Amino acid sequence: MLFVDHTATWGGGEVALFNLVRALDPARYRPVVLLFSDGPLGDKFRAAGIETRVLGLDSGVINARKDDLGGGTLLRVKDVASTLGFTGKLRRFMRQQDVALVHSNSLKSDLIGGFAARAARLPLIWHVRDRIADDYLPCKVAKAFRLMCRVVPTRVIAISEAVRQTLGSNPRVRVVHDGTPLPGEPASQTTNREGPLIGLVGRITPWKGQDVFLRAAAIVRRQFPNARFQVIGAALFGERDYEQRLHERVRTEGLSDAVEFTGFRTDVPDLIARLDVLVHASTTGEPFGQVVIEGMAAGKPVIATRGGAIPEIVVEGQTGVMVPMGDAAAMARAMVTLLSDPVYACQLGRAGRQRVTEQFTIGHTAAGVQAVYDEVLGSTGRNAVLK
């Protein structure tokens with residue numbers, strides 16, 4: 001079985017892929033991970049004992065963001081030759097490895113890996129981790145991708161009902177929620193001696209809402225002057241201006257002694273374990289919410305913005321608190337409520353962990369994905385032992 005991903009970085013989709021590959025039944029599947037460039041992701045897979053290959057793709061195609069695809073990144077004349085040549089190499093690689101099924105993990109690997117798999121006449125699964133909607137992708141890209149989902153892949157795995165709805169009525173789509181490894185039973189609710197610690201985890205980019213989080217933090221500090229806040233994550237090159245504006249906001253709001261920017265971290269679970277409250281602040285509907293289930297699995301009370309797939313994860317008032325997207329005042333009120341009532345906060349944390357245990361572990365994800373594999377292989381007559 002061949003897993004294809006275009007990036008070598010360590011992001012939410014790659015965390016989900018890493019967890020999934022390790023959770024598959026080793027008696028039935030032999031996974032091979034193919035990356036289009038080497039880096040931290042490849043290192044993680046190799047350290048876990050997973051066969052990992054690298055087939056280099058032009059950096060201009062690799063580094064194009066989904067926001068730029070409307071400009072035709074994969075269709076520009078200067079990129080067409082290298083992309084087509086790479087697709088041919090990828091098809092030959094699939095043949096040489098005697099691959100039984102191709103599973104692509106991102107929009108770019110869906111397109112490039114998908115056409116190579118079709119040229120090699122191999123069954124193909126697209127794992128769609130983005131909402132294919134005009135508020136998330138350029139309109140032309142969303143429309144074209146929805147059309148291709150009907151003709152290119154054998155099956156499509158959508159990571160949430162919210163994602164499935166953006167794909168329209170398509171009988172090839174199956175919903176399998178992402179999952180997370182369940183950490184050990186958390187200790188009693190974290191008590192930070194220096195004051196309560198509230199954190200937001202995610203890439204620093206405008207739609208992740210770090211600015212909303214900081215506006216809410218300024219409000220909370222008026223009532224809890226010893227509260228502290230962490231912004232966990234880093235900006236990509238094209239988002240450094242936004243990161244700089246965040247630092248300026250911290251200074252103008254008088255929060256320099258209360259806010260820590262951790263930068264990119266590989267120990268996010270450890271950082272989450274130290275929080276009193278985990279906040280999700282996205283201003284555009286999330287395709288899923290990996291960080292939300294990680295916080296719930298750790299037994300943390302979670303505040304999340306209501307949009308995208310978040311209502312599929314959080315039961316309002318029972319396993320977490322939801323607030324409107326972009327509403328700093330509502331977010332601040334939710335923070336104050338949890339800091340003022342630690343018993344309620346602890347109840348939310350326990351209930352959130354129970355919900356993850358029942359619905360969102362990586363074991364649930366692996367079982368759902370393997371059911372799709374069985375469906376595909378049954379329809380193609382391929383052997384159930386995959387490479």
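What counts as what
- Within each chain, residue numbers correspond to sequence positions counted from 1 in written order.
- pLDDT decides what is reported in this predicted model: residues at 70 or higher carry local features, side-chain atom pairs at 80 or more are listed and counted, and totals for whole chains, interfaces and linings draw on all residues regardless.
- The basis for every side-chain value is the complete set of heavy atoms in the structure, and neither hydrogens nor water enter the calculation.
- Where helices and strands are cited, they refer to DSSP runs of H or I of at least four residues and of E of at least two residues respectively, numbered from the N terminus.
- Throughout this description, buried means an accessible area under 20% of the type-specific maximum (1.4 Å probe, protein chains only), exposed means over 50%, and partly exposed covers the range between.
- Note on definitions: a residue-residue contact is assigned when non-hydrogen atoms from the two residues lie within 4.5 Å.
- Calculation of accessible area relied on Shrake-Rupley with a 1.4 Å probe; when residues are assessed, cover is drawn exclusively from the protein chains displayed.
- Each salt bridge in this description consists of a side-chain nitrogen of Lys or Arg and a carboxyl oxygen of Asp or Glu lying within 4 Å of one another.
- Paired strands are those between which DSSP finds at least two bridges.
- We call a crossover right-handed when, viewed with the strands running away from us, the connection from the first strand over the helix to the second turns clockwise.
- To estimate the expected span of a helix, count its residues, drop one, and scale the result by 1.5 Å.
- Every axis in this analysis is a line fitted to C-alpha atoms, fitted for helices over the stretch in contact. Angles between the N-to-C directions lie between 0 and 180 degrees.
- As used here, the term nonpolar core means buried Ala, Val, Leu, Ile, Met, Phe, Trp, Tyr and Cys residues forming a set that is joined through side-chain atoms within 4.5 Å.
- For classification purposes, angles smaller than 35 degrees are called roughly parallel, those larger than 145 roughly antiparallel, those between 65 and 115 roughly perpendicular, and all remaining angles oblique.
- Crossings are assigned a handedness: left-handed for a near helix turned anticlockwise from the far helix by less than a right angle, right-handed for a clockwise turn.
- Ten residue types, Ala, Val, Leu, Ile, Met, Phe, Trp, Tyr, Cys and Pro, are classed as nonpolar, four, Asp, Glu, Lys and Arg, as charged, and the remainder, Gly among them, as polar.

Enquirer: Provide a residue-level description of the overall build of the protein, including the pertinent values.
Expert: Across its full length, the protein holds 15 helices and 13 strands. In the protein, which comprises 387 residues, the share counted as buried stands at 57%. Counted over contacts in the protein with a minimum sequence separation of 6, partners at least 24 positions apart contribute 69%. Accessible area of the protein: about 16100 Å², with a carbon and sulfur share of 52%.

Enquirer: Before we move on, can you summarise the pattern of salt bridges with the specific residues and values?
Expert: In total, this model carries 17 salt bridges according to the counting rule given. As a salt-bridge pair, Asp257 and Arg221 come within 3.1 Å of each other at their nearest N and O atoms. Taken together, the residues Asp257 in the loop between α9 (240-252) and β10 (259-263) and Arg221 in helix α8 (residues 210-223) connect sequence positions 36 residues apart. For Arg221, a relative accessible area of 17% corresponds to the buried category. Each of Arg30, Glu51 and Arg53 takes part in a single network of salt bridges with overlapping partners.

Enquirer: Go over the pairing of strand β5 (residues 124-128), please, and point to the residues and values.
Expert: Across the five residues that make up β5, a large majority, five, are buried. With burial as the criterion, each face of β5 is covered, one bearing Leu124, Trp126 and Val128 and the other bearing Ile125 and His127. In terms of strand pairing, strand β4 (residues 102-104) meets β5 through three bridges, oriented parallel. Bridge pairing links Val102 to Leu124 in β5. A crossover links β4 with its parallel partner β5, the connecting element being helix α5 (residues 107-119), and its sense is right-handed. By the bridge criterion, four bridges tie β5 to strand β6 (residues 155-158) in an arrangement that is parallel. Across the sheet, residue Ile125 finds its bridge partner in β6, namely Arg155.

Enquirer: I'd like to hear about α9, residue by residue, with values.
Expert: With 13 residues, α9 extends 19 Å between its outermost C-alpha atoms, agreeing within 8% with the 18 Å of an ideal straight helix rising 1.5 Å per residue. On its buried face, α9 is in contact with α8 and β10. The positive-phi residue at the C-terminal boundary of α9 is Gly254, with phi of around 70 degrees.

Enquirer: Help me get a handle on the environment of Met1, residues and values and all.
Expert: Here Met1 shows up in the segment before β1 (2-5). Note: C-alpha distance between Met1 and Arg30 (29 residues apart in sequence) is 6.0 Å.

Enquirer: Can you break down unusual backbone geometry residue by residue, with the values?
Expert: Phi is positive for Asp98, which is not a glycine, with a value near 55 degrees. Tracing the chain through its elements places Asp98 in the loop between α4 (77-96) and β4. Its identity as a non-glycine residue notwithstanding, Arg121 has a phi of 60 degrees, on the positive side. Considering the arrangement of structural elements, one finds Arg121 in the loop between α5 and β5. Given a relative accessible area of 73%, Arg121 falls into the exposed group.

Enquirer: Now, about the sheet that holds strand β8 (residues 197-201): what can you tell me, with residues and values included?
Expert: Taken in spatial order, the six strands of this open sheet run β10-β9-β8-β11-β12-β13, and their pairing is parallel. The open sheet terminates on both sides in strands that have one partner only, identified here as β10 and β13 (321-323). When strand polarity is set aside, the average angle formed by the axes of neighbouring strands in this sheet is 20 degrees.

Enquirer: Account for the nonpolar core, with residues named and values stated.
Expert: By size, the foremost hydrophobic cluster in this structure holds 60 residues, and its most contacted members are Leu90, Trp126 and Phe145. Considering every element that reaches this core, the biggest residue donor is α5, with five residues. Apart from the residues within four sequence positions on either side, Trp126 is in contact with Ser104, Asp110, Leu111, Gly114, Phe145, Met148, Cys149, Val152, Pro153, Arg155, Val156 and Ile157. Val231, Leu246, Ala258 and Ala330 belong to the second largest nonpolar core, which has 38 residues in total.

Enquirer: How would you summarise the sheet that holds β6 if you had to cite specific residues and measurements?
Expert: Read from one edge of the open sheet, seven strands run β3-β2-β1-β4-β5-β6-β7, paired in parallel fashion. Sheet topology places β3 (51-54) and β7 (173-175) at the edges, where each strand pairs with a single neighbour. The sheet shows a mean angle of 25 degrees between the axes of neighbouring strands, direction not considered. With three bridges connecting them, β6 and β7 associate as parallel partners. What sits directly across from Ile157, in β7, is Arg174.

Enquirer: Please provide a residue-by-residue account of the pairing of β10, values included.
Expert: Across a regular strand the side chains alternate sides, sitting on one face of the sheet and then on the other. Relative to β10, strand β9 (residues 228-232) runs parallel, the two sharing four bridges. Paired with Val231 across the two strands is Phe261, which belongs to β10. For the handedness criterion, the β-α-β arrangement of β9, α9 and β10 is classed as right-handed.

Enquirer: Requested: an account of the packing of α8 against α9, with residues and values cited.
Expert: Look at α8 against α9: their axes get within 10 Å of each other, and the N-to-C directions meet at 5 degrees. Overall, the two elements α8 and α9 adopt an arrangement that is roughly parallel. Along the contact surface, α8 presents Gln210, Asp211, Leu214 and Arg215, while α9 presents Tyr242, Leu246, Arg249 and Val250.

Enquirer: Break down the packing of helix α11 (residues 290-297) against helix α14 (residues 342-359) for me, with residues and values.
Expert: Packing of α11 against α14 leaves a shortest axis separation of 7 Å and a crossing angle of 115 degrees. In this structure, the crossing between α11 and α14 has a hand that is left-handed. Across from Ile293, Met296 and Ala297 in α11, the residues of α14 making contact are Gly349, Gly352, Arg353, Arg355 and Val356. Along the lines of polarity and charge, the residues of the contact of α11 with α14 split into four nonpolar, two polar and two charged.

By themselves, these observations are geometric and do not establish any function.
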